[in-house]
Amino acid sequence: MSVDIQWYPGHMAKTKRQLRENLPVIDVVLEVRDARIPASSHNADLAELVARKPVITILAKTDLAEAEATKAWVKFLEKDGQPAAAVDLKSGRGLKELERKIRTQHQILNQRLRGRGRQGRGLRALVVGVPNVGKSTLINRLANRAAAKTGALPGVTRGKQWIRVGNWLQLLDVPGVLWPKFEEPQTGFHLAITGAISLDVFDYVRVSAGLAELLLRFRPEALKDRYNLDSIPEDGVQILEVIGQRRGFLLSGGTVDVEKAALLLLREFREGLLGRFTLELPPDL
Ligand SMILES: Nc1nc2c(ncn2[C@@H]2O[C@H](COP(=O)(O)OP(=O)(O)O)[C@@H](O)[C@H]2O)c(=O)[nH]1
Ligand SMILES: [Mg+2]
């Protein structure tokens, strides 16, 4: 069912270095995952990388995922007491709850500081996640009212800026791209169909054909309705061909433009036009 993607991310070393360098001045890490693929959008090294700093796991794009599955994920992620929250960054749904969880970390920090006779201060957070997961949107959402760039703090890489949210939170303005480890065969496939990996680095016809087969298995009605199909062939490329036919994607000579159909299916799936779809469930379901 899944398509193996032969592709290895760059930037990993950079984000890991950035994390290590900034760790001394960071109080909390906001790890943004895609609610449709909470496993594949996670790097299992993160906990080790951030040592004992708290991580708040944020499932973004809940508008594209199945509500019950998202609930189960949040429950699973919180089972050992770590904070997790689910947000739709488009509508803002879930942001209040997330803000509450960040504020709790702020209170914990200040209790600790004051307990040592030091002054309280704003919570410093670093946002990490795969590309396109919603890191910048999250930062803008959190900062919407009182965003202001402030000077670099001591110990922070030169040139780094912080975005101040009210007087209680500061976000490092360069979110880190943190790729998963690609240990499972479906990881690359899931990252590709949800939009974390850019189209020009993988064989998008093959991936889109894989997506078509996945939809045939789990969302046949959505596929039929969206592309006005009477029946769906079993082979992914053939599914793309009938979609192309329906849409009138023809090359000179009358053959179907399968590439165009492949791009259409990927784009429409990513936009949620084939319905909400959570591709990965937590281990205990
Ligand atoms: N449907 C939906 N789209 C989102 C959500 N959050 C971000 N996006 C979209 O995803 C794309 C990438 O977001 P961005 O914040 O730039 O991701 P980044 O690469 O992690 O910084 C943009 O088109 C956003 O509008 C969300 O919760 N739901
Ligand atoms: Mg960004």
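Right, let's walk through the structure included here.

Basis of the calculations
- Residues numbered from 1 in each chain as written.
- Chains lettered and ligands numbered in written order.
- Predicted model: local features only at pLDDT ≥ 70, side-chain atom pairs only at ≥ 80, totals over all residues.
- Buried ≥ 20, exposed ≤ 12 C-beta atoms within 10 Å, placed from the backbone.
- Helix = DSSP H or I, 4+ residues; strand = E, 2+ residues; numbered from the N terminus.
- Contact = placed C-beta atoms within 7 Å.
- Core = buried A, V, L, I, M, F, W, Y, C linked by C-beta atoms within 7 Å.
- Domains from an automatic or database assignment.
- Pairing = 2+ DSSP bridges.

**What about helix H6 (residues 186-194)?**
Next, step 1: Most of H6 sits out of view: nine of its nine residues are buried.
Next, step 2: Inspection of H6 places Gln186, Thr187, Gly188, Phe189, His190, Leu191, Ala192, Ile193 and Thr194 among the buried residues, and these make up the whole buried set.
Next, step 3: Contacts made by the buried residues of H6 are with strand S1 (28-34), helix H7 (204-218) and helix H10 (258-270).
Next, step 4: Of the residues one or two after H6, Gly195 is the one with positive phi, at around 105°.

**Points about the environment of Leu89**
Next, step 1: Relative to the helices and strands, Leu89 is located in the loop between strand S3 (84-86) and helix H4 (95-115).
Next, step 2: On the neighbour-count criterion, Leu89 (24 C-beta atoms within 10 Å) is buried.
Next, step 3: Between the alpha carbons of Leu89 and Thr137 there is a distance of 6.8 Å; along the sequence they are 48 residues apart.
Next, step 4: Excluding residues within four positions of it along the chain, Leu89 makes contact with Ala60, Gly134, Thr137, Leu138 and Arg141.

**Points about the nonpolar core**
Next, step 1: Counting 69 residues, the largest nonpolar core has Ile58, Ala60, Val127, Leu171, Leu211 and Leu265 as its most contacted members.
Next, step 2: Considering every element that reaches this core, the biggest residue donor is H7, with seven residues.
Next, step 3: Three or more residues apiece are contributed to this core by two domains, here domain 1 (12-177) and domain 2 (203-270).
Next, step 4: Once you skip the residues sitting within four places of it in the chain, Leu171 turns out to touch Ala125, Val127, Ile139, Leu142, Ala143, Trp162, Ile163 and Val165.

**Digging into the pairing of strand S4 (residues 123-129)**
Next, step 1: Counting buried residues in S4 gives six out of seven residues, a clear majority hidden from the surface.
Next, step 2: In this structure, S1 lies alongside S4, joined through five bridges in parallel fashion. Of the residues in S4, the one forming a bridge with Val29 is Leu126.
Next, step 3: Note that S4 and strand S7 (residues 169-172) share three bridges and pair parallel. Considered in S7, the bridge of Arg124 is made with Gln170.
Next, step 4: When S4 meets strand S8 (residues 176-177), the two strands line up parallel, connected through two bridges. Considered in S8, the bridge of Val128 is made with Gly176.

**Focus: unusual backbone geometry**
Next, step 1: The backbone phi angle of Lys61 is positive, close to 65°, even though this residue is not glycine.
Next, step 2: Along the chain, Lys61 turns up in the loop between strand S2 (55-60) and helix H3 (67-77).
Next, step 3: Assessed through the 28 C-beta atoms surrounding it within 10 Å, Lys61 is described here as buried.
Next, step 4: A positive phi angle, close to 55°, is found at Asn228, a residue other than glycine.

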